[in-house]
Amino acid sequence: MKQLYKFIPKFFFSGITGLFILFTLTWKTTTYASPVKEFYSPLTMTADTTKPLPVTTATIDPTKSVSDTTKKPIIDTASLTPKTDTFSIKISKDSLEAPLKYQAQDSAVILIQDKKVILYGKTKTNYQDIELTAPKVEVDQQTQVVTAVNAKDSSGAIVETAHFKSKDSEFTMDTIRYNFKTQIGITKNTYTQQGEFLVIGDVAKKVNENTTFIKRARFTTCLLDDPHFDFVTPKMKVINQKLAVSGPAHLEFEGVPIPIYVPFGIYPLSQGRHSGLMPPQFTSNEQFGLGLEGLGYYKVLSDYWDVKLYGNIYSYGGWTVNINPTYRKRYKYNGAFKFSIQNTKFNFKGDPDYSKTRTFSINWNHTVDSKARPGTNFTASVNAGSTKFNQLTPNNVQLNFQNQMGSSISFSKTWIGKPYNLTISANHNQNNLTRLINVNLPDVGFSVSTQYPFQSKNQVGTPKWYQKLGIGYNGNFKNQVSFYDSAFSFKQLIDTLQWGAQHNIPISLALPPIFNGAVIVSPAITYSQVWIAQKFRRKWNTAAQKVDATIQKGFFIDQQATFAINLNTAIFGTYQFKHSRIVAIRHVIRPSISFNYKPDLSKQHFYTDTVAAGFTQRFSEFEGSLYGGYAEGRTGGISFQIDNNLEMKWRSKKDTGINAIKKIKLIDGFGVSSGYNFLRDSLKLDLFSFYLRASLFNKIQINAQTVLDPYQTDQNGRDINKYAWEGSGKFKFGRLTYGSVSISTSFQSKPKDPKKEELRQKEVQERLNDPSLIGDQRRLLDYMQQNPADFVDFNIPWKLSLAYSLSFTNRLQPDLIHFKKEYNSGMTFNGSFNLTPKWNFSTSGVYDFDSQKLQTFQMSVNRDMHCWQLSISVVPVGLYRSFSFTISPKASVLQDLRINRSRYFSNF
């Protein structure tokens, strides 16, 4: 015999010994071990009937053979001592490269003559990285082919399937025939998942480790045995986790074919980024006409760079072009850039409402990992462009209402082990309503942390008071230009150029607490100076009966010095309850008093002039400068602040012992601050500022603040040196000149599936913490803002959020004489609730109480269709109105396979 059998050695059983071994192999545990240098090994047999039926296991090493097969294995049933075959060892050409391991829960039958092993009952076969599980497996030693089949009940229904798993692929099937040597196999009724795709094939042939051919294939993102929809093709080639190529394909819903065919299909299966076309979305707009949005191409340039080039085109002649590269290097930096050009045409030429405008927008975000270069950081957040870009962007209501834009590019360095810190930045802000743009370049800040020059390096004992004397430095320098984009010119840019600097030198002294440590004393001296590039003066023009303004360029300095002694303490009070679920309420009062003095070093920079016939007012000649000047007049007085908070301990019914005591904050903070200047010639009492912060039951957030003016006013609303409670029939504290109140709350039901919600939160957190996904996050956030109805969480049955705000202020009118009190109040709301487990209704809006109108309002109805989703969204009121109907698959790989019908209207 030229070759040895690969899986089972040929035994010659004789007499009682052979029958006993066969009985044991069939009914009890059999362990077959093949050592590296031995082909023959003894069988270890057990026959304990008091224990449950064990799992049949075996390990076969087919890589070893002998040249002479005439020798019989020697089995010493008394000692079971291994016998070593001393014949020469020779490797068979068709031997497997690794041992074959298998086990069965029920039994294993060895057919000696046929050289086969048949396993029954939840079998498991392992070879290298291949794992095969099935209810029944047959291993053929001669052909090296393993056959696995499913199990059926008495009615013919499949109760257990075969499962094949290798390094990069995983299959579930009814039947499989697989050759371990050639790695070629055939399966029937096969299911395999490639990325988000589920591929189902009547017959599949695996030709190598990575390639499979499928006859009559169906592929879908609906992960059900009978998917709701699929693409059907007569043949397909699948390369694991890389690519799938099919012949002619058509779509089927619930087994009903849709008569729309494609001649062939190429489907990327690789995870992560890959280049490709970006399909457009059809839209209709009242001002722009019919259009295609999002048409473009996505290109992966390298492991660190990718770029997206896309645009929109409309039937009235308008178009938009966007280029959006992103870059990332893990543990180093990441960022995204976007440049957009928008050519807007409203209606056709000749139409009375025809207009043509070209605008642009630049967005750039860049962050550096803090561990990349300790002590050095560079960040960028740029959002700039034409002041009309947001207003003219079609089909994006959220962007249309964004009137403020700002940018910041910053470099900072901290010298490790030294007290120095440097920051260099470029900043920009613009108001799209007034069309005013301000650019600060550069903006330099340098600081030195507090140093203690009299402190000894090797401190021994209690330090002296002068050793706690500290001094620091903070300095800033900036340039600014301002212009209107509607009247931009280089000359105007130079005329509006301003520069300035500010220096602060704080000197502090840390004294030990007094009154047994109850009061902290903190003396402080601060010297400040500003450098200013221009003076601004008003002059009454008697002939024209108006105010003329002049600007004088130059280098000017203003300065001030302040001296203060601050006293701080804390007072605690607790009220205990008996026989109540409320255990105690604690009130904490933190009063602070400051005695301060400031000489008048800025008097020469103030002047008095006429603002109207018979009216004069005091002005600063540094009005409108970057840093402004300091206040005139001496200050010698006292200022105070009283801060409070309330906390409560209560006993919960749900817990016992220490865990039952819960602590909650009733009021996070409330207080008042004011002061009195003894050296001021009039209006010595300062305004009173009140504030309140509370989070009731961790559900309702309240923020309120107001300013109380204790003086009476003249007929023009100006303060006079007379208190509000003087000369009137009844007592008055004063009048409120400013105030604001904001109340917000949010409620939601418990998730139907807490584990699903926990998993979702974890995935969101991981995505937010992964810097390599910064570009994808921004694109997803942009998409979510434009399509909020596509992101409905059906796991939360209902949720509601409300926010109300009210503010008022006394505003000086343009005539510089009169004051007018202006009010603003509004409420925002959004919520959703499930009509049924599969239907959801959501709404959001903004209501303005001043105009008593809805500024914006949106409502949508959503249907969860398992693997698809349907959304109907309507914006019936507001400056921008729209209607949208969308049905699309949930899987991200098919997010562009959507049916969409949208219409947009505007009132401008």
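Residue positions are given per chain, counted from 1 along the sequence in the order it is written. For this predicted model, a pLDDT threshold of at least 70 governs which residues receive local features, and a threshold of 80 or more governs which side-chain atom pairs are given and counted, while totals over whole chains, interfaces and linings are taken from all residues. Computation of side-chain values: all heavy atoms of the structure, hydrogens and water removed.

1. Description of the overall build of the chain
Worth spelling out the cut-off: Strands here are runs of E lasting at least two residues and helices are runs of H or I lasting at least four, both read from the DSSP assignment and numbered beginning at the N terminus. Think of it in three bands: with a 1.4 Å probe and only protein chains considered, a residue is buried below 20% of the maximum accessible area for its type, exposed above 50%, and partly exposed in between. We call two residues in contact when some of their heavy atoms are within 4.5 Å.
Of regular secondary structure, the chain possesses six helices and 54 strands. Per-residue burial for the chain yields a buried fraction of 36% across its 908 residues. Contacts in the chain between residues at least 24 apart in sequence constitute 52% of all its contacts with a sequence separation of at least 6.

2. Notes on a positive patch on the surface
Just so we agree on the cut-off: Only residues whose relative accessible area exceeds 30% and that form no salt bridge enter a patch; like-charged residues are grouped when within 9 Å of one another, and nonpolar side chains (Val, Leu, Ile, Met, Phe, Trp, Tyr) when within 5 Å. The Shrake-Rupley method, run with a 1.4 Å probe sphere, supplies the accessible areas, and residue values consider only the shown protein chains as cover. Whenever Lys or Arg places a side-chain nitrogen within 4 Å of a carboxyl oxygen from Asp or Glu, that contact is recorded as a salt bridge. His is not counted, nor are the chain ends, whereas Lys and Arg count as positive and Asp and Glu as negative. Lys charges are placed at NZ, Arg charges at CZ, Asp charges at CG and Glu charges at CD.
Taken together, Arg590, Lys649, Lys663, Lys665 and Arg693 make up a surface patch of like positive charges. Examined against the element boundaries, Lys663 turns out to sit in strand 42 (residues 661-677).

3. Concerning a nonpolar patch on the surface
Residues Phe747, Trp798, Leu800, Leu802, Phe833, Leu835 and Trp839 make up a contiguous nonpolar surface patch of roughly 640 Å² in combined accessible area. Following the sequence through the fold, Trp798 ends up in strand 48 (residues 798-812).

4. A short note on the pattern of salt bridges
Note on pairing: side chains with opposite charge can pair once their charged atoms come close. The full count for this structure, using the stated rule, is 18 salt bridges. Among the salt bridges present, the one from Lys546 reaches Asp548, with a minimum N-O distance of 2.4 Å. Residue Lys546 is classed as partly exposed on the basis of its relative accessible area of 42%. A salt bridge links Arg735 to Asp709, with the nearest nitrogen and oxygen atoms 3.0 Å apart. Within this pair, whereas Arg735 is found in strand 47 (residues 735-748), its partner Asp709 is found in strand 44 (residues 700-709), the two being separated by 26 residues in sequence.

5. Examining the packing of aromatic side chains
Put simply, the rule is: The aromatic pairing rule takes the rings of Phe, Tyr and Trp, using the six-membered ring of Trp, and pairs them if the centres are within 6.5 Å, calling planes under 30 degrees apart stacked, those over 60 edge-to-face and the rest tilted. Sitting over a ring, as applied to charges here, requires NZ of Lys or CZ of Arg to be within 6 Å of the ring centre and within 35 degrees of the ring normal.
Inspection of every chain in the model, using the stated rule, returns 33 aromatic pairs. Note on Phe477 and Trp499: the rings are 6.4 Å apart at their centroids and 35° apart in plane angle, and the pair reads as tilted. With Phe477 in strand 33 (residues 469-484) and Trp499 in strand 34 (residues 498-509), this residue pair connects regions lying 22 residues apart in the sequence. The class of Phe477 is partly exposed, set by a relative accessible area of 32%. Site record: aromatic cluster; members linked through ring pairs are Phe197, Phe219, Phe229, Phe231, Phe253 and Trp868. For the cation-ring pair, Arg330 lies above Tyr331, with the distance from its terminal atom to the ring centre recorded as 5.9 Å. It is Lys413 that lies over the ring of Trp415; its NZ or CZ is 5.5 Å from the centre.

6. Quick notes on the environment of Leu436
For Leu436, the location among the structural elements is in strand 32 (residues 436-451). Taking the C-alpha atoms as reference, Leu436 lies 8.5 Å from Thr387; in sequence the two are 49 residues apart.

7. Overview of the nonpolar core
Here is the rule: Take the buried Ala, Val, Leu, Ile, Met, Phe, Trp, Tyr and Cys residues and link them wherever side-chain atoms come within 4.5 Å; each set so joined is a nonpolar core.
The biggest cluster of nonpolar side chains holds 23 residues, and the ones touching the most others in it are Phe164 and Phe180. At the level of elements, strand 4 (100-104), strand 6 (116-127), strand 7 (130-140), strand 8 (145-149), strand 11 (162-165), strand 12 (170-173) and strand 13 (175-179) are the ones that each hand at least two residues to this core. In terms of residue count, the dominant contributor to this core is strand 7 (five residues). In this structure Phe180 touches Leu96, Leu100, Thr125, Tyr127, Ile130, Gln144 and Val146, once residues within four positions along its chain are discounted.

8. Re the pairing of strand 46 (residues 719-723)
Convention followed: For two strands to pair, DSSP has to find at least two bridges joining them.
Pairing between strand 45 (residues 711-713) and strand 46: two bridges, direction antiparallel. Among the inter-strand pairings, Tyr711 is bridged to a residue of strand 46, identified as Tyr723. The antiparallel hairpin formed by strand 45 and strand 46 contains five residues in its connecting segment, where Gly717 sits at a positive phi of about 90°.

9. Structural notes on the pairing of strand 44
Strand direction decides the pairing type here: strand 43 (residues 688-696) and strand 44, joined by nine bridges, are antiparallel. Bridge pairing links Leu696 to Ile700 in strand 44. Following strand 43, the chain reverses through three residues before pairing antiparallel with strand 44; Phe697 in that reversal takes a positive phi of roughly 55°.

10. Quick look at the side chain of Asn795
Within the fold, Asn795 resides in the loop between helix 6 (774-786) and strand 48. If we ignore the near neighbours within four places in the chain, the residues touching Asn795 are Lys750, Pro751, Lys752, Asp753, Lys756 and Glu757.

11. Observations concerning the environment of Pro751
With respect to the helices and strands, Pro751 occurs in the loop between strand 47 and helix 5 (754-769). You can call Pro751 partly exposed: its relative accessible area is 24%. Put simply, Pro751 and Asp793 are 42 residues apart on the chain and 9.5 Å apart in space, counted from C-alpha to C-alpha. In contact with Pro751, not counting residues within four places along its chain, are Glu757, Asn795 and Ile796.

12. Remarks on the side chain of Gln617
Selection criterion: Contacts described as polar in this section are N or O atom pairs within 3.5 Å, which, within protein, must combine one atom able to donate a hydrogen with one able to accept it, while residues neighboring in sequence count only if both atoms come from side chains.
Relative to the helices and strands, Gln617 resides in strand 40 (residues 615-620). Since its relative accessible area comes to 18%, Gln617 is described here as buried. Side-chain polar atoms of Gln617 contact the side chain of Arg718, separated by 3.0 Å.

13. Observations regarding unusual backbone geometry
Of all residues except glycine, most have a negative phi; of all peptide bonds, most are trans. Backbone torsion omega between Leu441 and Pro442 reads -10°, so that peptide bond is classified as cis. Relative to the helices and strands, Pro442 resides in strand 32. Located in the positive-phi region is Arg435, a residue other than glycine, with phi close to 65°. The residue Arg435 is located in the loop between strand 31 (420-431) and strand 32 in this model. The residue His866 is not glycine, and still its phi comes out positive at about 65°.

14. Describing the environment of Ala549
For Ala549, the location among the structural elements is in strand 36 (residues 546-568). Considering only alpha carbons, one finds Ala549 and Arg538, 11 residues apart in sequence, at a separation of 4.5 Å.

15. Quick notes on the state of the cysteines
Under the convention used in this document: Working definition: a disulfide is two cysteine sulfur atoms within 2.5 Å of each other.
The final tally for this structure, using the stated rule, is zero disulfides. Cysteine Cys222 shares no disulfide, and the gap to the nearest cysteine sulfur, in Cys867, comes to 3.5 Å.

16. Some details on the confidence of the model for the chain
Spelled out, the test is: Scored from 0 to 100, pLDDT reflects the predictor's confidence in each residue.
Per-residue pLDDT for the chain averages 82, and the proportion of residues at 70 or more is 85%. When the criterion is pLDDT under 50, residues 1-57 qualifies, and its contacts beyond four places in sequence or with other chains add up to 112 contacts. In the model, residues 59-81 has pLDDT below 50 throughout and makes 54 contacts with residues more than four positions away in sequence or in other chains.

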